[in-house]
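Coordinate analysis (summary)
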Amino acid sequence: RNDESTRIMGSHSSLGLSRALLFAVVRRHVRNAHVQRKPSLVDPRRTLLKKSMATYADKANLTSDQDWAAVNEDGSVPYRPSELDDIVVKMGKPVHTECCPSGTLDFISDNTGSKAEEGCCTAVEATVQAMQIRMSTHAPKILILNGSLRSKSYSRMVAIESGRILASYGAEVKLFDATGLPLFNQDIDPGSNDKVMELRALTRWCEGMVWISPEVHGNISAVFKNQVDWMPLTEGALRPTQGKTCAVMQVEAGSQSFNTVNNLRVLGRWMRMIVVPNQSSIPQDYLHFNDDGTLKEGSLRSRVVDVIDELFRYTLLLRDQQPFLLQRYSERTVATAKKNLADTARTADPEVLKSLKDPIIVDVRSEKEVAADKGGKPIEGSYHVPLNVNHDPQSVHRTTAQEFYKKLKDAGVPVDDKKQGYIAHCTKGNTDYVARGNRAAALLRDLGFVNAQNGGSADEIRASMG
């Protein structure tokens with residue numbers, strides 16, 4: 001056994017193990033030698049080799065031989081919920097969100113002809129349904145940009161190689177030549193320059209892009225950035241590039257770097273494009289091209305194919321989903337709030353108020369106004385919920401939907417049924433400014449109570465309701 005220990009120690013000294021580790025191995029081996037063990041299927045020399053080659057992450061206990069992502073047979077994680085998980089369950093659904101991602105139900109309704117309402121299905125089912133509405137089979141339209149003007153440009157060679165691959169898949173391909181494109185200058189009218197007009201037309205035309213730039217001083221080339229600068233940021237409410245797919249690649253004369261592709265990713269995100277996960281970086285580019293400009297066989301050429309294949313698939317998968325995927329909660333809430341405010345600006349017609357079944361009356365006047373019967377005596381059974389926060393008028397602080405929701409709950413107003421009818425009122429209706437009754441009705445609609453109406457004043461509601 002001592003001979004075996006010596007053999008183990010000798011066979012592994014060349015691996016760079018420290019003397020202390022070697023002695024520890026020997027002592028442990030000798031101490032446990034008398035214990036009857038079952039034959040091991042693991043070669044102890046392999047275990048020692050693994051320990052000797054441990055990474056920094058291994059030594060910091062950031063890795064494990066066990067599968068850290070293990071799950072039970074039913075797909076659940078075999079650990080009790082954390083304190084944060086418990087808080088999520090306890091607090092429940094946020095009041096400001098719908099049952100599905102923003103715009104899902106409206107998108108289904110607008111594109112199928114059938115009304116999709118909250119509660120009709122789960123968020124997963126609704127989202128999948130929305131994404132299956134359209135899936136066209138026409139050839140994808142791809143625009144390719146490269147970042148060099150010189151005659152023997154390696155980024156241009158990669159652009160041509162990419163175009164050939166895409167064309168072989170049946171894609172419509174356009175390679176933009178940046179020669180003659182002026183330096184970006186806002187004093188130049190885009191409509192006065194043919195090159196700018198061409199680039200902008202291609203930007204609108206395409207469904208996806210390939211971006212290839214040489215690395216210049218560790219970053220994107222000026223030629224490439226100039227092309228992106230000339231792309232319009234907005235046309236109407238959207239950026240022309242928004243939702244389009246993008247693949248990024250770089251070439252460099254020196255050792256391999258990823259500075260440029262990383263910065264291209266940032267640029268693509270800024271243009272609100274979907275940059276595919278794969279990317280390519282070709283180091284010492286002058287060594288990897290044939291005389292005819294094609295890439296030499298090897299791993300670098302294979303990686304270019306990987307990137308183009310991924311772009312092709314992502315483009316087909318996502319191009320028809322843009323109208324749905326581009327639904328933004330922030331933009332929808334702003335637009336909806338403006339619409340709700342406009343729709344409730346005037347006092348609701350008496351017939352509309354009468355049609356509400358057991359409506360809840362919300363009196364948003366201040367305590368002083370109620371005491372003075374300004375606008376009429378309080379309606380029996382109504383809830384007094386002053387709209388102003390901390391007695392500040394709306395000109396000082398405009399009450400938010402969340403603040404109003406809290407006020408409603410604190411006042412005991414039922415807020416569980418989104419179809420419940422509400423009539424909000426202040427001192428008078430039909431003003432030439434945004435009255436509090438108008439704003440309260442709009443905030444109720446912002447919160448999802450679609451049957452909220454502006455009743456004007458208490459006296460007007462009595463007159464309307466008979």
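Look up: the structure comes first, before these words.
Model, not experiment: these values are computed from the prediction.

The next point concerns the packing of helix α17 (residues 401-410) against helix α18 (residues 436-446). Remark: α17 packs on α18, axes separated minimally by 10 Å, with the N-to-C direction vectors making an angle of 95 degrees. It follows that α17 is roughly perpendicular to α18 by the angle criterion. Along the contact surface, α17 presents Ala-401, Phe-404 and Leu-408, while α18 presents Ala-440, Leu-443, Leu-444 and Asp-446. A class-by-class count of the residues in the contact of α17 with α18 yields six nonpolar, no polar and one charged.

Next up on the list: the sheet that holds strand β8 (residues 383-384). Pairing in this open sheet of four strands is parallel, and the strands run β8-β7-β9-β10 from one edge to the other. Edge positions in the sheet fall to β8 and β10 (452-457), since each has one partner strand and no second. Both strand β9 (residues 422-426) and β10 contribute to a ladder of five bridges, which runs parallel. From the neighbouring strand, Tyr-422 faces β10, where its bridge partner is Ala-452.

What follows deals with the pattern of salt bridges. Per the stated rule, a full pass over the model turns up 11 salt bridges. A salt bridge links Asp-106 to Arg-332; its shortest N-O distance comes to 2.7 Å. One end of the pair, Asp-106, is in helix α6 (residues 104-112); the other, Arg-332, is in helix α14 (residues 329-343), and 226 residues separate them in sequence.

A complete count under the given rule lists six aromatic pairs for this structure. Here Tyr-169 and Phe-312 contribute two aromatic rings whose centre-to-centre distance is 5.3 Å and whose plane-to-plane angle is 65 degrees, an arrangement assigned as edge-to-face. Taken together, the residues span a long stretch of sequence, with Tyr-169 in the loop between α8 (154-168) and β2 (172-175) and Phe-312 in helix α12 (residues 299-318) at a distance of 143 residues.

The rules we used
- Residues numbered from 1 in each chain as written.
- Predicted model: local features only at pLDDT ≥ 70, side-chain atom pairs only at ≥ 80, totals over all residues.
- Heavy atoms only, no water.
- Axes fitted to C-alpha atoms, helices over the stretch in contact; angles between N-to-C directions.
- Helix = DSSP H or I, 4+ residues; strand = E, 2+ residues; numbered from the N terminus.
- Parallel < 35°, antiparallel > 145°, perpendicular 65-115°, else oblique.
- Contact = heavy atoms within 4.5 Å.
- Nonpolar A, V, L, I, M, F, W, Y, C, P; charged D, E, K, R; others polar.
- Pairing = 2+ DSSP bridges.
- Salt bridge = Lys/Arg side-chain N within 4 Å of Asp/Glu carboxyl O.
- Phe/Tyr/Trp six-rings, centres within 6.5 Å; stacked < 30°, edge-to-face > 60°.

Coordinates in, geometry out; function isn't part of it.
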